Amino acid sequence: MDAVLEWLRDWVDQVNWVAFVSIPIFTGVVGWLINWSGLWMLFKPVNFYGFKVPGLKELAGTLPRKFQEVPGWMDGGFGWQGIVPARAAKMGSIAVDKVIAKLGTPAEFYAQLEPDQIAEHIVAVFRPDLPELVDEVMRREHPRLWRDLPQPVKNAVVARVQAQLPGVVRTITDEIGEHIDQLLDPKIMVIDHFRANPDLVVRVFRDVGKRELNLMVAFGFIFGFLLGIPVAVVDQTWHVPWLLPILGVVVGWITNLLGMWLIFDPPEPKRILGIKVQGLFLRRQEQCAEVYARIIAEDVITLERIGDFLMDGPRGDRTRQMIATAMRPAIDRAAGPLRGAVSVAMGSRRYDSIKDSFAAEAVGRTITPFRDPQFSKQQADKIQTLIARRTKELPPRDFVEMMRAAIREDEWMLYAHGAVMGAAGGILHLAVFNWGLIPGFP
């Protein structure tokens, strides 16, 4: 014991305390910079910034998979794009597979939108356009007959079509609901939207995890400072200059590792030495679920976007055909008991052409109310309620995947970035305290 105390006194006497104290301060500042710049790497820039390097695209294809994941390399670009926006499509895929698919089927989402209200809104919006639509179709398909008809008869035809409208529209909304699983593909819809709007993916991360991300930056200084203490002991014990950059690599790597662990791990609450430990993000699952649900309901799965997908998506032809099929009988019912005579007067082919033309013209106008931003906003509250409720019910492990899975494979870039900055911090310390970078100091 005396020998140990004697060694300790000798060690204290030969320590350069200015250099000793400066090391944890350096590592603390570097730790803060590592996590701050790491967040920048995650989110910025939203679009790729850089330049093309001849031959890089071909070379990148031969590199290990990890290096192929560096944004821009596989396209021959040398530069940077935020990891999160660069993985926007991947984020969309994971959001569907791990979260949205568990929140509800397309049929559940559609039911939550209350199709009866949608039908009433379609009728209210479509009804004023019907006289113009009927007039337009008849002028094109049978101008002489339509011109010769007395105005009261024309009005009667329009009135009969309008009378059929609520029933026809209800049939359409029921048909959409019955076949919604075949007409609507949430995965394609979400992936395409995220790919086209990478800034939205950044918003999901920032808004949902804002508190935790800020804490991660703050803890970067704490982790760096604490890790710097043993580094200072090693430095002042062996006085080997090249140890500082090497230990800086370790400190930088561990600082980022601890930052990610602080937010996401462990997903389930655990007790360590009697202290409850759980990832910070998981502790706020209910609050985060509300934020996530609001973003998804307002910007991703909206009535407006559902309407766009139904009409213009990969299965839009089927939707249009289904609506047209539902609309054709409206002409027969409008003609009423005169249908046979009208068909004979016009010819069955011309009569069928009028029905087809009317149905085709009505298709787009029938779905237009889906694209009404005000009505869509009203329906968003119902989608948000469903998503928030289901997200809160997710097991913690599934919930954390919502945020982490999209970047898990790219975390090594953050750790490598931390290691490089840690080494740079060690070299800077050497330059100041050993190489006389600042004349007269120390």
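Since we're looking at a predicted model, the values are computed, not measured.

Can you walk me through the overall build of the chain in this structure?
Helices and strands together make up the secondary structure of the chain, namely 24 helices and 4 strands. Burial analysis of the chain (442 residues in total) assigns 48% to the buried set. If you take every contact in the chain between residues at least 6 apart in sequence, the share linking residues at least 24 apart comes to 82%. Carbon together with sulfur atoms contributes 61% to the accessible area of the chain, which is approximately 21,700 Å² in total.

Any chance you could explain the packing of aromatic side chains here in plain terms?
Where two aromatic rings form a pair, the distance of their centres and the angle of their planes describe that pair. Under the defined criterion, the tally for this structure stands at 5 aromatic pairs. Arranged with centres 6.2 Å apart and planes meeting at 5°, the rings of Trp 32 and Trp 36 form a pair that is stacked. Taken together, the positions of Trp 32 and Trp 36, both in helix α2 (residues 17-43) and 4 residues apart, correspond to about one turn of that helix. A residue is classified by how much of its surface remains accessible, and Trp 36, at 47% relative accessible area, is partly exposed. Ring centres of Trp 253 and Tyr 415 lie 5.5 Å apart, and the angle between their planes is 45°; this geometry places the pair in the tilted category.

I tried to follow the nonpolar core on my own but got confused; where do I start?
Nonpolar side chains in soluble globular proteins generally cluster together in the buried interior. Counting residues in hydrophobic clusters, the biggest one holds 83 residues, and the most contacted among them are Leu 42, Phe 43, Val 84, Phe 194, Phe 205, Phe 281 and Ile 301. Per-element accounting of this core gives the leading share, 9 residues, to helix α14 (residues 198-238). Residues in contact with Leu 42, not counting those within four places in the same chain, are Gly 82, Ile 83, Val 84, Pro 85, Ile 407 and Leu 414. Counting 8 residues, the second-largest nonpolar core is a separate cluster that includes Ile 23, Val 231, Ala 232 and Leu 244.

Teacher, can you tell me more about the packing of helix α13 (residues 186-196) against helix α18 (residues 303-312) here?
Packed helix pairs are specified by the crossing angle of their axes together with the interaxial distance, meaning the distance between the axes. α18 packs onto α13 with a crossing angle of 110° between their chain directions and a minimal axis gap of 11 Å. Classified by the angle between their axes, α13 and α18 sit roughly perpendicular to one another. Residues Ile 188, Met 189 and His 193 of α13 touch α18, and the partners they reach there are Arg 305, Ile 306 and Phe 309. In terms of residue class, the contact of α13 with α18 is made up of 4 nonpolar, 1 polar and 1 charged.

Sorry if this is basic, but what is going on with the pattern of salt bridges here?
Note on pairing: side chains with opposite charge can pair once their charged atoms come close. In the structure shown here, the tally under the stated rule is 1 salt bridge. We note a salt bridge from Lys 392 to Glu 290, for which the minimum N-O separation is 2.5 Å. Of this pair, Lys 392 sits in helix α22 (residues 373-393) while Glu 290 sits in helix α17 (residues 285-300), and the two are 102 residues apart along the sequence. Looking at Glu 290, the relative accessible area reads 32%, which means it is partly exposed.

Would you mind showing me how to read the confidence of the model for the chain here?
Low-confidence regions, as indicated by low pLDDT, have predicted coordinates that should not be scrutinised in detail. Averaged over every residue, the pLDDT of the chain is 76; residues scoring 70 or more account for 81%. The lowest-confidence element of the chain is helix α20 (residues 339-346), averaging 46 in pLDDT; the highest-confidence one is helix α15 (residues 243-264), averaging 87. The model gives residues 337-347 a pLDDT under 50, and that stretch makes 12 contacts with residues more than four places away or in other chains.

Looking at this model, I keep getting lost on the side chain of His 429. Mind explaining?
Here His 429 shows up in helix α24 (residues 411-433). There is a polar contact of 2.7 Å between the side chain of His 429 and the side chain of Ser 22. Those residues in contact with His 429 that lie beyond four places of it in its chain are Ala 19, Ser 22, Ile 23, Phe 26, Leu 244 and Asn 434.

The rules behind these values
Residues numbered from 1 in each chain as written. Predicted model: local features only at pLDDT ≥ 70, side-chain atom pairs only at ≥ 80, totals over all residues. Heavy atoms only, no water. Helix = DSSP H or I, 4+ residues; strand = E, 2+ residues; numbered from the N terminus. Buried < 20%, exposed > 50% of the residue type's maximum accessible area, 1.4 Å probe, protein only. Contact = heavy atoms within 4.5 Å. Areas by Shrake-Rupley, 256 points an atom, 1.4 Å probe, with all protein chains shown as cover. Phe/Tyr/Trp six-rings, centres within 6.5 Å; stacked < 30°, edge-to-face > 60°. Core = buried A, V, L, I, M, F, W, Y, C linked by side-chain atoms within 4.5 Å. Axes fitted to C-alpha atoms, helices over the stretch in contact; angles between N-to-C directions. Parallel < 35°, antiparallel > 145°, perpendicular 65-115°, else oblique. Nonpolar A, V, L, I, M, F, W, Y, C, P; charged D, E, K, R; others polar. Salt bridge = Lys/Arg side-chain N within 4 Å of Asp/Glu carboxyl O. pLDDT = per-residue confidence, 0-100. Polar contact = N/O pair within 3.5 Å; in protein donor to acceptor, adjacent residues only side chain to side chain.

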